[in-house]
Amino acid sequence: MTSAAIYGCAGLVLTPEEAAFFAEVRPWGFILFRRNIDTPDQVRALTTALRAAIDDPDAPILIDQEGGRVQRMGPPHWPKYPPGAAYLAATNDPLAARELVRLGARLMAHDLKAVGINIDCVPVLDVPVPGAHDIIGDRAYAQDPATVTQLGRAAAEGLLAGGVLPVIKHMPGHGRAFADSHKELPTVHADLDTLDAWDFAPFKALSDMPIAMSAHIVFTAIDPKRPATISKKAIRLMRERLGFRGLMLSDDLTMQALSGTLSERAAAALKAGCDLVVHWNGDLDEMRQVAEGTGRLKGKARRRADAALARIVHTPEPLDVVEARARFTSMMDGRLDAAKGPDVGEAQG
């Protein structure tokens, strides 16, 4: 039995208590954060141990490796990657930026696959509006839907070519939020036509992607009472109006935008139409609460999960890593330190 959940773990190694819990509840997959990252050998050992705990050598293991403020694996063992906005700033040309974004994502996929990680929570498809909270900020590829769409697809294609699944986020759009959903519940009052033309556009254009992550945001034009993650109306809109048929993940259940117990949050997200819930912080007592509200992964959700994993390419596109990394660094022209905005830290991306 596989449960409809993705969990984190507390540290650099899997504890016996964590291993026993995972063996009991059998989550679909796991997610890693900075607290879980030290050296390549250590990360490989941890991903191997996580998979062994649920007796699944191919179990999904996720990470938020965007670059900039949201990069879980970094120096000295892995390169520092730029935030999304730096690509267009480095080239001043959407076509050149698209090539650069794809190259960066292909290199990230190489880094991730080498340590046993097969899903990256990238690309960010949110399109900021003036005055919005800068929790998205330079994580966005651009300030308009068309360019975000082009560069977001380039990132997804680079990851897929390297054998890593992308996750489009934060559906149906976080760019108009005037609050940080890690800390409070944002409410967006734009009408549906405005949302459709701006916020929804990149998600509609990338609706063929295997996995998406929901936004903990109330859109009054969709459901004035519930954030999208726990709103049947919002999930239905993502499936029908945005055309997304892939695997839908909740954003992190511990974020303050949600209310109720963790068990209630998990149950509400699954009831609304999320296929899987994510709990990130590795707190074993909290994970037990989530498990109480989480049932089996079955039916359409199971089929979507299987279809997503079938998109993993097990023989990656050929890559001369040394040449590609030198070319990437040269094209970025020193903009690897361009990250600006609040530090997302260990929060779910």
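See above for the structure.
Rules behind the numbers
- Residue numbering note: each chain is counted from 1, following its sequence as written.
- Residues qualify for local features only when their pLDDT is at least 70, as the model is predicted, and side-chain atom pairs are given and counted only at 80 or more; totals for whole chains, interfaces and linings, by contrast, use all residues.
- Hydrogen atoms and water are omitted, and side-chain values are computed over all heavy atoms in the structure.
- A pair is scored as a salt bridge if a Lys or Arg side-chain nitrogen falls within 4 Å of a carboxyl oxygen belonging to Asp or Glu.
- Where helices and strands are cited, they refer to DSSP runs of H or I of at least four residues and of E of at least two residues respectively, numbered from the N terminus.
- Each residue is placed in one exposure class: buried if its accessible area under a 1.4 Å probe, protein chains only, is under 20% of its type's maximum, exposed if it is over 50%, and partly exposed if it falls in between.
- Strand pairing is assigned whenever DSSP identifies at least 2 bridges connecting the two strands.
- Here a residue-residue contact requires only that any non-hydrogen atoms of the pair lie within 4.5 Å.
- Only C-alpha atoms enter the line fits that serve as axes; for helices the fit covers just the stretch in contact. Angles between N-to-C directions range over 0 to 180 degrees.
- For classification purposes, angles smaller than 35 degrees are called roughly parallel, those larger than 145 roughly antiparallel, those between 65 and 115 roughly perpendicular, and all remaining angles oblique.
- In this classification, the charged set is Asp, Glu, Lys and Arg, the nonpolar set is Ala, Val, Leu, Ile, Met, Phe, Trp, Tyr, Cys and Pro, and all remaining amino acids, among them Gly, are polar.
- By definition, the crossover connecting two strands over a helix is right-handed if that path, from the first strand to the second, turns clockwise as seen with the strands pointing away from the viewer.
- Two cysteine sulfur atoms form a disulfide, by the criterion used here, when they sit within 2.5 Å.

Chemist: I'd like to hear about the pattern of salt bridges, residue by residue, with values.
Modeler: Under the definition given, this model contains 19 salt bridges. Close ionic contact of D208 with R153 constitutes a salt bridge, the shortest N to O distance being 2.7 Å. With a gap of 55 residues between them, D208 in the loop between α7 (201–205) and β9 (211–214) and R153 in helix α5 (residues 145–161) connect regions that are remote in the sequence. Looking at R153, the relative accessible area reads 24%, which means it is partly exposed. For the salt bridge of D275 with R239, the shortest nitrogen-to-oxygen distance reads 2.9 Å. Here R239 lies in helix α8 (residues 232–240) and D275 lies in the loop between α9 (262–272) and β12 (276–279), a separation of 36 residues in the sequence. Both residues of the pair, D275 and R239, belong to the buried class. The network of salt bridges with common partners includes D64, E66, R72, R139 and K169.

Chemist: Got a sec to walk through the environment of M255? Specific residues and values, please.
Modeler: Inspection of the secondary structure assignment puts M255 in the loop between β11 (247–252) and α9. In this structure M255 comes out as buried when scored by relative accessible area, which is 2%. Residues M255 and E184, 71 residues apart in the sequence, show an inter-C-alpha distance of 7.8 Å.

Chemist: Quick rundown of the sheet that holds strand β1 (residues 3–7)? Include the residues and the values.
Modeler: The sheet built from eight strands closes into a barrel, its strands ordered β1-β2-β3-β6-β7-β9-β11-β12 with parallel pairing. Relative to strand β2 (residues 27–32), β1 is paired through three bridges, and the arrangement is parallel. For I6, the partnering residue across the bridge sits in β2 and is G29. With respect to the sheet, helix α1 (residues 16–25) is in contact with β1 and β2, its orientation differing from that of β1 by roughly 155°.

Chemist: How would you summarise the packing of α1 against helix α10 (residues 284–292) if you had to cite specific residues and measurements?
Modeler: At their nearest, the axes of α1 and α10 sit 11 Å apart, and the two run at 5° to each other. When the axis of α1 is compared with that of α10, the two are roughly parallel. In contact with E17, E18, F21, F22 and V25 of α1, α10 contributes L284, M287, R288 and A291. Of the residues that constitute the contact of α1 with α10, the class distribution is six nonpolar, no polar and three charged.

Chemist: Can you tell me about the pairing of β9, naming the residues and giving the values?
Modeler: In β9, alternate side chains face the same way, and those of I211 and M213 on one face and A212 and S214 on the other are all buried. Relative to β9, strand β7 (residues 165–171) runs parallel, the two being bridged by four bridges. Paired with V167 across the strands is I211, a residue of β9. Sheet topology note: the β9/β11 ladder contains three bridges and is parallel. The residue of β11 that forms the bridge with M213 is L249.

Chemist: Hey, could you go over the pairing of β2 for me, with residue numbers and the actual values?
Modeler: Of all six residues in β2, six are buried; the element is thus mostly enclosed. As judged from the three bridges shared by β2 and strand β3 (residues 61–63), these two strands associate in the parallel manner. The residue bridging I31 from the neighbouring strand is L62, located in β3. Where the polypeptide runs from β2 across helix α2 (residues 40–53) and back to β3, its parallel neighbour, the crossover connection is right-handed.

Chemist: Any details on the state of the cysteines? Residues and values, ideally.
Modeler: Under the definition given, this model contains zero disulfides. The thiol of C9 is unpaired, and the distance to the nearest cysteine sulfur, on C121, comes to 15 Å. Sulfur of C121: no disulfide; nearest cysteine sulfur belongs to C274 and is 14 Å away.

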